[in-house]
Amino acid sequence: MNYRAERTAPADTRYHIMRRQCREQLDPGVLVSKSLPGSPSRREFAIVCSLVLTLGGCGGGGGSSAASSSSDSSGGSSPTTYSLSGRISGLGAASGLVLLNNGGDATTVAANSTGFTMKTPVAAGSVYAITVGSQPYGLTLACSVSGGGGTVSGNVTSIAVSCSNATPTQKAIAGYFANPLDVAVDASGDVFVADNGDNSIREIPYSGGSYGAPITVGSGFSFPYAVATDANGNVFVADAGHDSVKEIPYNGGSYGAPLTVASGFLTPTQILQGDLCPTGVAVSPSGSVFAVCGSALDEIPFSGGSYGAPITVASSFSFPRGVALDAKGNVFVADASANAVYEVPSTGSGYGAPITLASGFNYPEGVALDAAGNVFVSDTLNQALKEIPLSDGSYGAPITVASAFGNNPSGSPLPGIAGLAADTKSNVFVADERDNAVWEVPFNGSAYGTPLAVGSGISMPAGFAVDANDNLFVADATSMSMREIPYSGGAYHTAITVAPLLADLISVTVTPNGNVIAAESTSVALTEIPFSGGVYLVPGPLSDRYGNPIDLYGEAPCLAADANDNLFFLLDTGMNDPPVQKLPFSAGYYQSPAQTIATMGIGSCSGIAVDSNQNVFVTINDVVYELPFSSGSYGAAITLNAGSGEFRGMAVDANGDVFVADSTHDVVTELPFTNGSYGTPITLGSGFNGPFSLAMGHHGQLFVADQENIWQLGP
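Fair warning: this is a prediction, and the values are worked out from it, not measured in the lab. (Residues numbered from 1 in each chain as written. Predicted model: local features only at pLDDT ≥ 70, side-chain atom pairs only at ≥ 80, totals over all residues. Heavy atoms only, no water.)

Q: Would you take a moment to explain the confidence of the model for the protein chain for this structure?
A: Segments scoring low in pLDDT should not have their predicted coordinates read at a detailed level. Considering every residue of the protein chain, the mean pLDDT works out to 78; 77% of them sit at 70 or more. Throughout residues 1-15 the model reports pLDDT below 50, and contacts reaching past four residues in sequence, or to other chains, amount to 23 contacts. Contacts for the low-pLDDT stretch residues 70-74, under 50 throughout, to residues beyond four places or in other chains number eight contacts. (pLDDT = per-residue confidence, 0-100. Contact = heavy atoms within 4.5 Å.)

Take a look at the structure:
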């Protein structure tokens, strides 16, 4: 065999010749007595053959694609595979970036990387699609992929990942009402609620056949009693505490700041008496606004793009609360004191005397009309929704459509439903001020069904946590229950109660295995709500391996769990220098007693969190401290610079970035952790209303609970 001649053969020919020679020369049954002149030795053959059989003979002839293949048991080779790689810009010292190929093959990119290679090579002819699976930690950096898709024909090196500074996306995922008094529905089906408890107007957006979480579209009112919308989406509010009617203008898909449309409804004597007006508002098809105040019905005429001074069109009512108009401009008034509903007929050039449409109600406060002209009345003290049907141009006797909203029986002497509205499909919406809910009474074309809650929530949240599947848990202090806001299909759903009648909840956390741990102000023990088989079991005391309840000897206003199920809390014993303690979890049980890891100065704890390295962070008296963990023990507390404010909640991400809720400035402050130290505080989000609790989701989101909503912040 002329080995020198074979070296001059084409690359693919040389490869097959070498494979044959490898089999011949390395076959134990072949005897090679000596090396021929100019030929390699058996040892040299062993070295060369190992490379040939590993690399598959590709790459010869000066080609730039180095693919890979391997021999199978029959002597053949598996399909050729290629790598997917590219460059990265702008990542810097941030960590946590994860790239995906076709939704899988999660590849984590290290900090300070300028390039990447996906973990798993792909076969020739495969379709690839590189996307961002998780953004870098810290919420202030966002990365995007360009040139990330195609069909593999060789090693791919042209994918580009670009990272740059970004403002976190902020959206409300669940809300709750303080005292809803009135409801309106616009032409798109969006529901608007006058929330008298926190002096705001809330919208429950309607899209794709379902309702979203309530969001605040206007605030700063004083006793908003009623709400209405016009054909252009503008929202009108009876701002009774300010003696005015205000408009929340709608333009270009968003709402502007409230504007005063009219004021001065009250006389000086009425103001001194502490009267509140107006208590009802409605808008005519021509854009004129009607308001009820005292015993009068006033019109605020709209002409030439502006509103005129109020004009009294009817009087002698006892206590008008609700007002609505039909398509012809007739005005309907619910008189709570007279227990009647009146019609003020439009003559085209003015209005006639009020006509009694129906009576016999018990404090009717709201009135609304559907597209067919039927009139709906909230019969408040009877806890019922009633319809005054229109047929052949005349109104019939009232009919009960729905009653006993929530858990409250009909006939209760307490206030209940206080406002209502009907959409274009005759579905009726009810504001339930006692249940802190908005109900929909669905209409199927011939009859009304069972009321459905379309906006409800937590009346007094006192603790907040998130599990590994991003389900949210809220300690509802007023109802003494644990509420879950389940997450599935990329969206959050109506809050459900997972544990009722817990006493005076003050904090809550979720362990990695899904168990919910809660602290109560009336107990020196912790309560566990076990999670097993996809459901929550009956709550019970957190116990040790012998079944004995674990006594904390004090309250735990701050509570957190680390990745190993260990619990951390600040123990409030009513004495000076409260300790921060750790309740270790080992061999499937919590080990009692708790271990003190630090003693803090006197003050109230408002947040505690643990990072992946077991460093503990705690806020006391609006100061953020770190308890560093090293070599199995905790060091002295270190004060972190988070600026000034009232810090009432805390969370830490996997990178060590610390987040605190600043209820003084209504923002979230981030302390970014880079290269072993904390940088300058960064402000995240806006428009919060007293944020008090934070939780870090397992997909990089930060959840914020304020006095109105539960928000999600994400890149």
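Picking up after the structure, the text goes on.
Q: What is the right way to read the nonpolar core from this model?
A: Among soluble globular proteins, nonpolar side chains are generally buried collectively. Ranked by internal contacts, the top residues of the largest apolar core, which has 20 residues, are Leu84, Leu91, Leu99, Phe116 and Val161. In terms of residue count, the dominant contributor to this core is strand 10 (residues 156-165) (four residues). Not counting the four nearest positions on each side in its chain, Phe116 is found in contact with Leu84, Ser85, Gly86, Arg87, Ile88, Leu99, Val109, Ile159 and Val161. (Core = buried A, V, L, I, M, F, W, Y, C linked by side-chain atoms within 4.5 Å. Buried < 20%, exposed > 50% of the residue type's maximum accessible area, 1.4 Å probe, protein only. Helix = DSSP H or I, 4+ residues; strand = E, 2+ residues; numbered from the N terminus.)

Q: So what exactly am I meant to see when it comes to the sheet that holds strand 18 (residues 224-229) here?
A: Here four strands make up an open sheet; going across it, the order is 18-19-20-23 and the pairing antiparallel. Each end of this open sheet is capped by a strand with a single partner; those strands are strand 18 and strand 23 (259-263). In this sheet, neighbouring strand axes are inclined to one another by 25° on average, regardless of whether the strands run parallel or antiparallel. Sheet analysis places strand 20 (residues 244-248) next to strand 23, joined by four bridges and oriented antiparallel. Looking at the pairing, Ser244 lines up with Ser263 of strand 23. (Pairing = 2+ DSSP bridges. Axes fitted to C-alpha atoms, helices over the stretch in contact; angles between N-to-C directions.)

Q: How do you make sense of the state of the cysteines when you look at a structure like this?
A: Evaluated as defined, the whole model comprises two disulfides. Note on cysteine connectivity: Cys143 is disulfide-linked to Cys163, with sulfurs 2.0 Å apart. Taking the sign of the S-S torsion, 105° for the link of Cys143 and Cys163, the bridge is right-handed. Of this pair, Cys143 sits in strand 8 (residues 141-146) while Cys163 sits in strand 10; the two residues are 20 residues apart in sequence, bridging distant segments of the chain. An identical accessibility class is assigned to Cys143 and Cys163; each is buried. Note on cysteine connectivity: Cys277 is disulfide-linked to Cys293, with sulfurs 2.1 Å apart. Taking the sign of the S-S torsion, 105° for the link of Cys277 and Cys293, the bridge is right-handed. (Disulfide = S-S within 2.5 Å.)

Q: Explain the side chain of Asn330 to me, please; I cannot follow it from the model alone.
A: Along the polypeptide, Asn330 turns up in the loop between strand 30 (320-325) and strand 31 (331-335). Residue classification places Asn330 among the buried residues on the basis of a relative accessible area of 10%. At 2.8 Å, the side chain of Asn330 forms a polar contact with the backbone nitrogen of Ser346. In this view, Asn330 contacts Ala324, Leu325, Glu343, Val344, Pro345 and Ser346; residues no more than four positions away in its chain are not counted. (Polar contact = N/O pair within 3.5 Å; in protein donor to acceptor, adjacent residues only side chain to side chain.)

Q: Please clarify how the pattern of salt bridges should be interpreted in this entry.
A: A pair can form between side chains of opposite charge whenever their charged atoms are brought close. Inspection of the entire model under this criterion finds four salt bridges. For the salt bridge of Arg202 with Asp195, the shortest nitrogen-to-oxygen distance reads 3.6 Å. Here Arg202 and Asp195 have matching classes, each one buried. For Lys246, the salt bridge identified is with Asp239, shortest N-O distance 3.1 Å. In this structure, Lys246 and Asp239 share a single accessibility class: buried. (Salt bridge = Lys/Arg side-chain N within 4 Å of Asp/Glu carboxyl O.)

Q: Before we go on, may I ask you to explain the packing of aromatic side chains in this structure?
A: Note on aromatic pairs: each is described by the distance of the centres and the angle between the planes. Applying the stated criterion to the full structure yields 13 aromatic pairs. Taking 4.8 Å as the distance between ring centres and 50° as the angle between the ring planes, the aromatic pair formed by Phe302 and Tyr307 counts as tilted. Each ring, one from Phe319 and one from Tyr363, has its centre 6.5 Å from the other, and the planes form 50°; the classification is tilted. Here the residue Phe319 occupies a position in the loop between strand 29 (311-314) and strand 30, and Tyr363 occupies one in the loop between strand 33 (355-359) and strand 34 (364-369), the gap between them amounting to 44 residues. By relative accessible area, which is 29% here, Phe319 ends up partly exposed. Exposure remark for Tyr363: the relative accessible area of 27% places this residue in the partly exposed category. Connected via pairs of aromatic rings, a cluster forms that spans Phe192, Tyr250 and Tyr255. Note that Arg545 overlies the ring of Tyr546, its terminal NZ or CZ placed 6.0 Å from the centroid. (Phe/Tyr/Trp six-rings, centres within 6.5 Å; stacked < 30°, edge-to-face > 60°. Lys NZ or Arg CZ within 6 Å of the ring centre and 35° of its normal.)

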